[in-house]
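# Descriptive structure summary
Listed below, chain by chain, are the residues.
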Amino acid sequence: MQPQPTVTVVVRRYGLETSPTVKGICAYFADRGTRCLIITDELLRERSFTIPGTELVIAVPQRWSTAREESAARWLKRVPFLRGRLLQRVREMFRLGREQRFRAALAAAIPADSIIYCIEFHSLRSALASGIDPSSIVYVSLELEQQMLPYPAEECRRQLESCRGCIVQSQERAADLNRFLGSSIQFSLLPVSRIPAPWTSRNVSEGVSLVFSGYFARWSCLEETVSAFLSLHSPSVRSLMVQGHAVGTEEYYGTVQRMAATDDRITLTTDYFDDDAHLQFLRGFDIGLALYQPDSDIANWNNLVLSSGKIATYAWAGLAIITNIDAPMTKVPPFLFVPSITAEELGRCVELYAGDREQYHRASRELAERYYDLFARMRPIEERFHTRAAEAKG
């Protein structure tokens, strides 16, 4: 029996700590006893982040980090003369410094027998620029063409077509990306999902509690959600928890924080949880909020049902899910569809849920097992891309 090749996961300019799919891919191979190496530029959310059974290489030293860059930028903004030109030069210096160190880490750390999962386009460009053979690369798209927009579509198409294979979340998003690239790539499908978790019984609370867990950003509709909740006076509603991170969106977080401070039913926290603790945290609530407002006209905002980390995690936590994603799936439990984010719509959803809680929790479990079991979804991907490697090696 031939030994399995090492799996190397390359993550550049993408949130490793908060991506259930990226963490799940690593956990899948670690669970199967395959050596798994992660190379990332820097950790933005949790400096002590680890995944059991994997090796983690942080390529960018602190002196070249984005945090150090932002500190320098704040200082330069106080300079009365030439600050615009100086700021541009300093940012370019930091960008090039991080890129050079990341490429050097790839060239030095990736084992020769690796199958390399490049997470998003910045990772792929760095891998190819460091001389890695594209036939060993599996490209993982999570945001469609968003990271490709600064580059010619023809160049992006050639690079993806040179890879061993490509992964996207759904047939619809595969069609979107092929349309953008002018290509006909046969994508493997991996919905945004997480590793399976054991089910636990739920305690029935007196009131209905809502939770948002994710990124504090305008496209996550937190201002609209909190505004609607402030006007919601249903006797069934107990509380709203808003938990997540605001890396790069601190000003927006401050706005939401000031709004929430006017109602003691609302709690905000930026506490970080590992995956198991996060699931346990979410199980303390009844309904998860997965609301989106596109901040651009790119296709990444289309076909979000199988591309939302919130939805996947809420489903594994056994929650009902309020969403404004308009799709056939979202018209039936565990979803509660809202065409607009208003107090009236939130109240209607809460009353529907309260009328048959068990139906929604049972449907949530079925949804998780059917669509969002990352281990089940990874098996055909491993068979497609790794069996070939073992055969070629043999």
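Residues numbered from 1 in each chain as written. Predicted model: local features only at pLDDT ≥ 70, side-chain atom pairs only at ≥ 80, totals over all residues. Heavy atoms only, no water.

### Here we look at the overall build of the protein chain
Each helix and strand in the protein chain was counted, giving 13 helices and 13 strands. A compact globule built from 394 residues would reach a C-alpha radius of gyration of about 21 Å, and the protein chain, at 22 Å, matches this within 12%. A buried classification covers 56% of the 394 residues belonging to the protein chain. A separation threshold of at least 6 residues defines the contact pool for the protein chain, and within that pool the share at least 24 residues apart is 74%. In the form shown here, the protein chain has an accessible surface area of approximately 17,900 Å², with 50% of it arising from carbon and sulfur atoms. Counting 45 positive and 46 negative side-chain charges, the protein chain places the centres of these two groups 6 Å from one another. (Helix = DSSP H or I, 4+ residues; strand = E, 2+ residues; numbered from the N terminus. Rg over C-alpha atoms; globule rule 2.2 N^0.38 Å. Buried < 20%, exposed > 50% of the residue type's maximum accessible area, 1.4 Å probe, protein only. Contact = heavy atoms within 4.5 Å. Areas by Shrake-Rupley, 256 points an atom, 1.4 Å probe, with all protein chains shown as cover. Lys, Arg positive; Asp, Glu negative; His and termini not counted. Charge placed at Lys NZ, Arg CZ, Asp CG, Glu CD.)

### Considering the packing of helix α10 (residues 309-317) against helix α12 (residues 357-371)
Packed helix pairs are specified by the crossing angle of their axes together with the interaxial distance, meaning the distance between the axes. Axis separation between α10 and α12 bottoms out at 7 Å; the angle between their running directions is 125°. Overall, the two elements α10 and α12 adopt an arrangement that is oblique. Pair α10 / α12 crosses with left-handed handedness. Contacts from Tyr314, Ala315 and Trp316 of α10 reach α12 at Ser364, Arg365, Leu367, Ala368 and Glu369. Taken together, the residues that form the contact of α10 with α12 break down as 5 nonpolar, 1 polar and 2 charged. (Axes fitted to C-alpha atoms, helices over the stretch in contact; angles between N-to-C directions. Parallel < 35°, antiparallel > 145°, perpendicular 65-115°, else oblique. Left-handed = near helix turned anticlockwise from the far one by under 90°. Nonpolar A, V, L, I, M, F, W, Y, C, P; charged D, E, K, R; others polar.)

### Some remarks on helix α7 (residues 222-230)
Looking at α7, one finds that the buried residues are Leu222, Thr225, Val226, Ala228 and Phe229. Mapping the buried residues of α7 onto a view down its axis gives an arc of 160°, with all of them on the same face. Each element contacted by the buried residues of α7 is listed here: β8 (208-215), β9 (237-245), α8 (250-260), β10 (266-269), β11 (287-290) and α11 (343-355). (Arc of directions from axis to C-beta.)

### Quick word on the pairing of strand β6 (residues 165-168)
Of the two faces of β6, the one lined by Gly165 and Ile167 and the one lined by Cys166 and Val168 are each fully buried. In terms of strand pairing, strand β5 (residues 137-140) meets β6 through 3 bridges, oriented parallel. Counterpart to Val138 in the pairing with β6 is Gly165. As for the winding sense of the linkage, the β-α-β connection from β5 through helix α5 (residues 153-161) to β6 is right-handed. Summarising the sheet, β6 and strand β7 (residues 188-189) pair through 2 bridges and their orientation is parallel. From the neighbouring strand, Ile167 faces β7, where its bridge partner is Ser188. Crossover connection from β6 via helix α6 (residues 171-181) to parallel β7: handedness right-handed. (Pairing = 2+ DSSP bridges. Right-handed = clockwise from strand over helix to strand, strands pointing away.)

### Some points on the pattern of salt bridges
Scanning the model with the defined rule gives 20 salt bridges in all. The shortest N-O distance in the salt bridge between Arg157 and Glu154 comes to 2.3 Å. Here Arg157 pairs with Glu154, and both are found in helix α5, just 3 residues apart, close to one helical turn. Given the relative accessible area of 39%, Glu154 is considered partly exposed. A salt bridge links Arg158 to Glu154, with the shortest nitrogen-to-oxygen separation between them at 3.7 Å. With a gap of 4 residues between them, Arg158 and Glu154 both fall in helix α5, about one helical turn apart. Overlapping salt bridges bring together Glu69, Glu70, Arg91 and Arg98 as one network. (Salt bridge = Lys/Arg side-chain N within 4 Å of Asp/Glu carboxyl O.)

### A word on the nonpolar core
With 33 residues, the main nonpolar core has Ile287 and Ile322 as its most contacted residues. Elements that contribute at least two residues to this core include exactly β8, α7, β9, α8, β10, β11, β12 (320-323) and α11. Element by element, the count of residues in this core is highest for α11, at 5 residues. Once residues lying within four places of it in the same chain are set aside, the contact partners of Ile287 are Val208, Ser209, Leu210, Val211, Leu319, Ala320, Ile321, Ile322, Leu336, Val350 and Tyr353. (Core = buried A, V, L, I, M, F, W, Y, C linked by side-chain atoms within 4.5 Å.)

### Considering α8
An α-helical turn contains 3.6 residues, so any two residues separated by three or four positions project in the same direction. What α8 keeps buried is the set Tyr252, Tyr253, Gly254, Val256 and Ala260. On the buried face of α8, the contacting elements are α7 and β10.

### Describing the sheet that holds strand β3 (residues 54-58)
Taken in spatial order, the 7 strands line up as β3-β2-β1-β4-β5-β6-β7 in an open sheet, and their pairing is parallel. Each end of this open sheet is capped by a strand with a single partner; those strands are β3 and β7. Here strand β4 (residues 115-119) runs beside β5; their pairing, made up of 4 bridges, is parallel. In the sheet register, Cys118 faces β5, and the bridge partner there is Tyr139. Strand contacts of helix α1 (residues 20-31): β1 (7-11), β2 (36-40), β3 and β4, with the helix running at about 165° to β1, the strand carrying the most contacts.

### Describing the sheet that holds β9
Pairing is parallel across the open sheet formed by 6 strands, whose spatial order is β10-β9-β8-β11-β12-β13. Of all strands in the sheet, those with a lone pairing partner are β10 and β13 (335-337), marking the two edges. On average, each strand axis in the sheet is tilted by 25° relative to the strand beside it, whichever way the strands run. The pairing of β8 with β11 spans 2 bridges and is classified as parallel.

### Regarding the packing of α11 against α12
The N-to-C vectors of α11 and α12 enclose an angle of 90°; their axes lie 5 Å apart at closest approach. In terms of their interaxial angle, α11 and α12 are classed as roughly perpendicular. Contacts between α11 and α12 involve Leu352, Tyr353, Ala354 and Gly355 from the first element and Arg357, Tyr360 and His361 from the second. In terms of residue class, the contact of α11 with α12 is made up of 4 nonpolar, 2 polar and 1 charged.

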